[in-house]
Amino acid sequence: RLWHQPLKHREWNGTGSTAHFQDIFLGRCYIYTQLVQPEFRPYHMQHTFETKLLIFTSHVLSLRDRDCKKIEEAFRNAFISKDPCEVTEEDYHPLMELASQTVPCDKTVFWSRTKELAHQYTWVRQEMFTLENTLLGYVADGLTWCGDSGSSEMNYQSCPDWRKDCKNNSVTVFWKVLSKMFAENACGMVQVVLNGSLSNAFSKDSTFGGVEVHNLHPEKVHTLQAWVMHDIGKSPSDSCSGSSIMDLKSIMSKRNIKFTCQDNYRPVKFLQCVRNPEDSSCSLRT
Ligand SMILES: Nc1nc2c(c(=O)[nH]1)N1CN2[C@@H]2O[C@H](COP(=O)(O)OP(=O)(O)OC[C@H]3O[C@@H]1[C@H](O)[C@@H]3O)[C@@H](O)[C@H]2O
């Protein structure tokens, strides 16, 4: 009778590992590493795919010969059979070495509390890249994963909640390590999309503010330009002249990186206006 007992996983407060995790991971990996075959992409994206291909070919092709199965295995080995509240940054280093990528200079886009808008921008500006436009960010986005010290299986019932269980869990540690590497690899002028509808568009507690800002290399990155975007129809809460942006400016100054800031950077504002064409702030006369 005991043989039929499913292995008991520890109970956590967060949702369990994403169902079909391995299939999703491998599927996304093959799609990404085979972007060189346009038939993979619906026609309407093909031209943008080809633009991205021209810019990114050297990086995508260099990934192509990296077996997705090896990358998936390195990913699993980082957290499987480990207490999901004890996963360390070092656990992810073999994966980072296997799938590391660099983005062309001047083309890195960071974001904080502006995920959708930032990705609308890099969708239109195919030569610019967020972390999710790199392989590991692309395959892991939106997924949850955790293991258990007493099992070689993933825990699909529950995973640690960041607040109620532990901050250093298998998912949060992954994004911290990946974000750090993304910032370390950045060069030239880098961009960040910030949310001016929040009281603090820049937060030291965010991944951008707590990890990426501190891992930019001043000898590689000469300028950080911030775009503080206000939600259409909402009164602005923060702006380039706000105290949180002054904090960011001060951090950049101490790190010998030039800082510029624009409120409602027009190309991004146009993206917001596509969805809100009637708004007065979107009339072309402004
Ligand atoms: N799916 C992604 N998740 C994350 C990326 C990312 O690029 N993709 N992250 C972090 N991240 C996870 O998102 C939330 C906070 O976002 P949110 O509070 O909105 O903003 P953060 O500054 O914390 O993070 C965004 C920043 O870090 C990278 C990406 O390159 C952006 O420049 C937190 O759990 C992080 O672990």
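Residues numbered from 1 in each chain as written. Predicted model: local features only at pLDDT ≥ 70, side-chain atom pairs only at ≥ 80, totals over all residues. Heavy atoms only, no water.

Participant: An account of the packing of helix α5 (residues 115-124) against helix α10 (residues 266-275) is needed here, citing residue identities and associated values.
Facilitator: Where α5 meets α10, the closest approach of the two axes is 10 Å, and the angle between their N-to-C directions is 105°. Judged on the interaxial angle alone, α10 and α5 are roughly perpendicular. Side by side, α5 and α10 meet where Glu-116, Leu-117, Gln-120, Tyr-121 and Val-124 of the first sit next to Pro-267, Val-268, Leu-271, Gln-272 and Arg-275 of the second. Grouping the constituent residues of the contact of α5 with α10 by class yields six nonpolar, two polar and two charged. (Axes fitted to C-alpha atoms, helices over the stretch in contact; angles between N-to-C directions. Helix = DSSP H or I, 4+ residues; strand = E, 2+ residues; numbered from the N terminus. Parallel < 35°, antiparallel > 145°, perpendicular 65-115°, else oblique. Contact = heavy atoms within 4.5 Å. Nonpolar A, V, L, I, M, F, W, Y, C, P; charged D, E, K, R; others polar.)

Participant: Lay out the site of the ligand in plain terms, naming residues and giving numbers.
Facilitator: If you check the shell around the ligand, you find 14 residues, and the closest are Arg-113, Glu-132, Asp-141, Thr-207 and Glu-212. A distance of 3.1 Å separates an oxygen atom of the ligand from a polar atom in the backbone of Trp-111. Between the ligand and Glu-212 there is a distance of 2.7 Å, counted from an oxygen atom to a side-chain nitrogen or oxygen. Relative to its unbound accessible area of 610 Å², the ligand is 80% covered by the protein chains. Looking at the shell around the ligand, the elements with two or more residues in it are β2 (109-112), α7 (170-184) and α8 (207-212). (Near = heavy atom within 4 Å. Polar contact = N/O pair within 3.5 Å; in protein donor to acceptor, adjacent residues only side chain to side chain. Areas by Shrake-Rupley, 256 points an atom, 1.4 Å probe, with all protein chains shown as cover.)

Participant: Give me the lowdown on the environment of Asn-264, citing residues and values where you can.
Facilitator: Turning to its location among the elements, Asn-264 is positioned in the loop between β6 (258-263) and α10. Taking the C-alpha atoms as reference points, Asn-264 and Gly-196, separated by 68 residues in sequence, lie 8.7 Å from one another. Sequence-distant contacts of Asn-264, that is, excluding residues within four places in its chain, are made with Val-228, Met-229, His-230, Lys-269 and Gln-272. Of note is the side chain of Asn-264, whose polar atom sits 2.9 Å from the backbone nitrogen of His-230.

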